[in-house]
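Coordinate inspection notes
Chain by chain, the residues:
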Amino acid sequence: MQEHVDVERLIDLASTLIAIGTPNPPGNEAALAGALRDAMAPWKPSWEEVEPAPGRLSLIARLAQDGARKPVGTGAGERPTLIVNGHTDVVPAVAERWSRDPFRPTVVDGRLYGRGSSDMKGGLAAAICALATLESAGYEPACDIVFQFVADEERGGALGTRVLLESGLIRGDACLVPEPTSLAVCVAERGLLQGEILVVGRPAHGSRPREGVSAVELGAQIALALHAADFGGPDHPLLGRPTANIGTFHGGSALNIVAEQARVGVDRRLLPGISLEQAIAGLRRKLDSAGLGALDYEIEVQDFGEGSEMSGDHPFAALVRQRIAAVTGKEPPVIGMTFTTDARFVRNQAGIPAVVCGPGDIAQAHVIDEWVEVSQLVDATAAYADLYRCFGAAPP
């Protein structure tokens, strides 16, 4: 299938998407709408727009056998539906720290550089160009395909895939999420609890620090108790153990006042099956065990996403592995991710098997001088084309 990949077209599309900067915040994913519509135009999809806030646009493109919108699922007489879910926002880039303009994509020594090249505009380009690759090879998709180009994944998906979920728009039989995995097949990911611990002290004159209670001092004790702490429990075979990172710390109002208040920013990563209430209770237990349970503090949750997983032996996961192996000649590993993607909405709330598998090394996500190997973009495009050809096809 690789010989049917139009490499120039693939690089051009990925470069076009990268060049339209969509750093989140603020997002402005609507800026990509024209490029995505142009890229999909040859297949005449039906379109739907979801814009819960100005500029925060998610696009849905449906490719059905008869070209018309119809219910999806496994009802009698229907072809199965494959969802391709990918986010169009990227993390911000500080241009001064890059060796090249992050939003002026360039190919150097077989690598495509630019913000979003790996995470995940390269994957989006591969998923779209797979349609042309399949056509060039003389095949048609064996399934209906619903492309979901979603906003806001980098900040938790509240304005993107979550909105689609709550609107009843995530319907299908399986889902491919082309996030960067170096074409490994990811079937599990950690959840997250992000927020701040508000610590309250008692102010006093800065020249008499022990006449007050310093919220900064107490917050530092909380940070030491939680950062990289062991929360116990057995290792998950793909996800390891839960973690906590103290990412921010803000406190006090002036140098000459004992700090009355401090905020400790916590990013806790969770194993599948842990609820919001259980995650908060775990933080409290850890503080209790450190002798800090009597402090005057409050946990303020900013974002929560549960972990998710499916069996690595699931037929859809097995099919994706087969298609990757057919293209690369190597059986891809089944992996878990220590972080969270929009696949959790699809697996958990929508109840649809979702595999995360895409071009690019996750080590390149969010970094300076982000890049993706062009050869891996080609392999992904070929493998996705083969997946479109096989998903829903009758066995030989």
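Before reading further, recall that the structure is shown in the block above.
Just so you know, these numbers come straight off a predicted model, no measurement behind them.

Conventions and cut-offs
Residue indices follow the written sequence of each chain, beginning from 1 at its first position. This being a predicted model, a pLDDT of at least 70 is required before a residue's local features are given, and a value of 80 or more before pairs of side-chain atoms are given or counted; all residues contribute to the totals for chains, interfaces and linings. With hydrogens and water stripped out, all remaining heavy atoms of the structure feed into the side-chain values. Should DSSP find at least two bridges between two strands, the strands are regarded as paired. Where helices and strands are cited, they refer to DSSP runs of H or I of at least four residues and of E of at least two residues respectively, numbered from the N terminus. Helix axes use the C-alpha atoms of the stretch in contact, all axes being lines fitted to C-alpha atoms, and the angles between their N-to-C directions lie in the range 0 to 180 degrees. Nine residue types can take part in a nonpolar core, namely buried Ala, Val, Leu, Ile, Met, Phe, Trp, Tyr and Cys, and a core is a set of them joined through side-chain atoms within 4.5 Å. Whether a residue is buried, partly exposed or exposed follows from its accessible area with a 1.4 Å probe, protein chains only, as a fraction of its type maximum: under 20%, in between, or over 50%, in that order. Here a residue-residue contact requires only that any non-hydrogen atoms of the pair lie within 4.5 Å. Whenever a nitrogen or oxygen atom comes within 3.5 Å of another N or O atom, the pair is scored as a polar contact, on the condition that within protein one atom can donate a hydrogen and the other can accept it, and that pairs from neighbouring residues in sequence are kept only if both atoms are in side chains.

Quick word on the sheet that holds strand S4 (residues 106–108)
- The sheet built from three strands is open, its strands ordered S4-S5-S16 with antiparallel pairing. Single-partner strands in this sheet number two, and they are S4 and strand S16 (371–373). Within the sheet, the average angular offset between the axes of one strand and its neighbour, ignoring direction, is 30°.

Quick look at unusual backbone geometry
- Residue Pro-25 is reached from Asn-24 by a cis peptide bond, and omega for that bond is 5°.
- Inspection of the secondary structure assignment puts Pro-25 in the loop between helix H1 (7–19) and helix H2 (33–40).
- The omega torsion of the bond from Asp-119 to Met-120 falls at -10°, within 30 degrees of zero and hence cis.
- With respect to the helices and strands, the residue Met-120 is situated in the loop between strand S5 (111–113) and helix H3 (121–136).
- A positive phi angle is found at Ser-182, which is not glycine, with a value near 55°.

What to know about the nonpolar core
- The biggest cluster of nonpolar side chains holds 64 residues, and the ones touching the most others in it are Phe-147, Phe-149 and Tyr-388.
- When residues in this core are grouped by element, the largest group, 11 residues, is from helix H9 (residues 374–390).
- Phe-149 has contacts with Leu-36, Met-40, Trp-47, Leu-57, Ser-58, Leu-59, Ala-61, Gly-86, Thr-88, Leu-124 and Ile-128, leaving out every residue within four places of it along the chain.
- Counting residues in hydrophobic clusters, the runner-up holds 24 residues, among them Leu-226, Leu-270, Tyr-297 and Ile-299.

Here's the deal with the side chain of Asp-173
- Along the chain, Asp-173 falls in the loop between helix H4 (161–166) and strand S7 (174–177).
- Side-chain polar atoms of Asp-173 contact the backbone nitrogen of Thr-81, separated by 2.7 Å.

Notes on the pairing of strand S2 (residues 58–63)
- With six of six residues buried, S2 lies mostly within the body of the structure.
- Taking every second residue as pointing to the same face, both faces of S2 are buried, with Ser-58, Ile-60 and Arg-62 on one and Leu-59, Ala-61 and Leu-63 on the other.
- Sheet topology note: the S2/strand S6 (residues 144–150) ladder contains five bridges and is antiparallel. Paired with Leu-59 across the bridge in S6 is Phe-149.

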